[in-house]
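The lines below spell out each chain.
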Amino acid sequence: MRRVEIYPSILSADFSRLGSEISDAEAAGADGIHIDVMDGHFVPNLTLGPLVVRSVRPVSGLPYWAHLMISDPLRFAGDFREAGVDGLTIHPETGTDPVSAVERIRGLGAGVGLALRPETPIDALEPVIGILDRVLILTVHPGFGGQTILKDVIGKIRRLRDRLEPLPKRPLIEVDGGIDPETTGSVIRAGADVLIAGQAVFGSPNRSEAVRKLRKAIEGALSGPGPEAH
Ligand code: DX5
Ligand code: ZN
């Protein structure tokens, strides 16, 4: 039975009450929390560091995954792990060697993911494709929440799913950017396993209803033909 998870992105949360925003997402049925880390250099925006992660770690037992949109991810990987993240996703476009990144992050005892910007081909994953836990496909240009999904990226998700399917230990496919109840069907049919949703969850005053709507869209997509039906 195929399962699709929902990871709300705190980028769209109210940071004046970040702890209770995360508790709300957990109570609403989220499967994990997505933490966008931006350095104003790799992407044109700034967000947060390990200090903030540490302060919100105790509020929830959900897995926390940090999406490091920073130029030197390995410099800070240990600090984020110590602050309590369960997984770290980095960008190969930073010039970071994927093999060293996987070794280093695994050495910290964390899950490891690679994230690809919309224009980066999936070939960039090849050196480590069989040993990743997750691949994050950005479905918008990174930097800001609340953008519209780039439809061109749907084909890339499908190609990635086809590439990953034969692997003995297949990494999960995360999709990030412009995910809402309307766009959920197309990314799931293409092969997504984890939906990252900022505005679609925290942009709604009622988080339980927002997560319920996403689950309903997931069920609708899973009951139709998907990658496993091919
Ligand atoms: C984009 C970030 C996303 C962002 C998604 O740079 O990586 O995680 O929070 O936000 P929405 O779901 O609002 O497009
Ligand atoms: Zn993200």
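This text goes with the structure placed above it.
Residues numbered from 1 in each chain as written. Chains lettered and ligands numbered in written order. Predicted model: local features only at pLDDT ≥ 70, side-chain atom pairs only at ≥ 80, totals over all residues. Heavy atoms only, no water.

**Here's the deal with the site of ligand 1**
With respect to spatial proximity, 20 residues lie near ligand 1, and among them Asp 36, Gly 143, Gly 146, Asp 176 and Gly 198 are the closest. Within the backbone of Gly 178, a nitrogen or oxygen atom sits 2.8 Å from an oxygen atom of ligand 1. In this structure, Gly 198 approaches ligand 1 through a main-chain N or O atom, which is 2.7 Å from an oxygen atom. Taken by itself ligand 1 offers 380 Å² of open surface, and the protein chains cover 99% of this. Among the elements of the structure, β2 (33–38), β3 (64–69) and β8 (194–197) are those that each provide at least two residues to the shell around ligand 1. (Near = heavy atom within 4 Å. Polar contact = N/O pair within 3.5 Å; in protein donor to acceptor, adjacent residues only side chain to side chain. Areas by Shrake-Rupley, 256 points an atom, 1.4 Å probe, with all protein chains shown as cover. Helix = DSSP H or I, 4+ residues; strand = E, 2+ residues; numbered from the N terminus.)

**Some points on the side chain of Glu 21**
Residue placement: Glu 21 occurs in helix α1 (residues 18–27). Since its relative accessible area comes to 1%, Glu 21 is described here as buried. Of note is the side chain of Glu 21, whose polar atom sits 2.6 Å from the side chain of Arg 207. (Buried < 20%, exposed > 50% of the residue type's maximum accessible area, 1.4 Å probe, protein only.)

**Some details on the environment of Ser 204**
Note that Ser 204 resides in the loop between α7 (199–202) and α8 (207–222). Along the sequence, Ser 204 and Ala 13 sit 191 residues apart, while their C-alpha atoms lie 9.9 Å from each other. If sequence neighbours within four positions are ignored, Ser 204 has contacts with Gln 199 and Ala 210. (Contact = heavy atoms within 4.5 Å.)

**So, the packing of aromatic side chains**
Geometrically, a pair of aromatic rings is defined through the distance of the ring centres and the angle of the planes. Considering all chains together, one arrives at zero aromatic pairs under this definition. Lying across the ring of Tyr 64, Arg 57 places its NZ or CZ 3.6 Å from the centre. In this structure, Arg 134 is placed above the aromatic ring of Trp 65, and the distance from its NZ or CZ to the ring centre is 4.3 Å. (Phe/Tyr/Trp six-rings, centres within 6.5 Å; stacked < 30°, edge-to-face > 60°. Lys NZ or Arg CZ within 6 Å of the ring centre and 35° of its normal.)

**A closer look at the nonpolar core**
Formed by 64 residues in total, the largest nonpolar core has its most connected members in Ile 10, Leu 88, Leu 125, Val 187 and Leu 195. Sorting elements by how many residues they give to this core places helix α5 (residues 153–164) first, with five residues. Contact partners of Leu 88, with chain neighbours within four places excluded, come to Trp 65, Ala 66, Leu 68, Ala 77, Phe 80, Ile 105, Leu 108, Ala 110, Gly 111, Val 112 and Gly 113. Among the nonpolar cores identified, the runner-up in size contains seven residues, and Tyr 7, Leu 136, Leu 138 and Val 194 belong to it. (Core = buried A, V, L, I, M, F, W, Y, C linked by side-chain atoms within 4.5 Å.)

**Some points on the layout of surface pockets**
Estimated volume of the largest pocket: approximately 290 Å³. Lining the largest pocket are 26 residues, with Gly 145, Gly 146, Gly 177, Gly 178 and Gly 198 sitting closest to its centre. Those elements giving two or more residues to the lining of the largest pocket turn out to be β2, β3, β8 and α7. Class assignment of the residues belonging to the lining of the largest pocket gives a composition of 11 nonpolar, 12 polar and three charged. (1 Å grid on protein atoms, 1.4 Å probe; cavity = no way out; pocket = protein on both sides within 12 Å on 5 of 7 lines; lining within 4 Å. Points joined across faces, edges and corners; volume = space filled by probe spheres on them. Nonpolar A, V, L, I, M, F, W, Y, C, P; charged D, E, K, R; others polar.)

**Some words on the pattern of salt bridges**
Summed over all chains, the structure comprises 15 salt bridges. A salt bridge links Asp 133 to Arg 106; its shortest N-O distance comes to 3.0 Å. Taken together, the residues span a long stretch of sequence, with Asp 133 in the loop between β5 (111–116) and β6 (134–138) and Arg 106 in helix α4 (residues 98–107) at a distance of 27 residues. Relative accessible area serves as the criterion here: at 21%, Asp 133 is assigned to the partly exposed category. For Arg 106, a relative accessible area of 34% translates into the label partly exposed. Residue Arg 117 pairs with Glu 119 through a salt bridge whose shortest N-O separation is 3.4 Å. (Salt bridge = Lys/Arg side-chain N within 4 Å of Asp/Glu carboxyl O.)

None of the figures reported here should be taken as evidence of function without further support.
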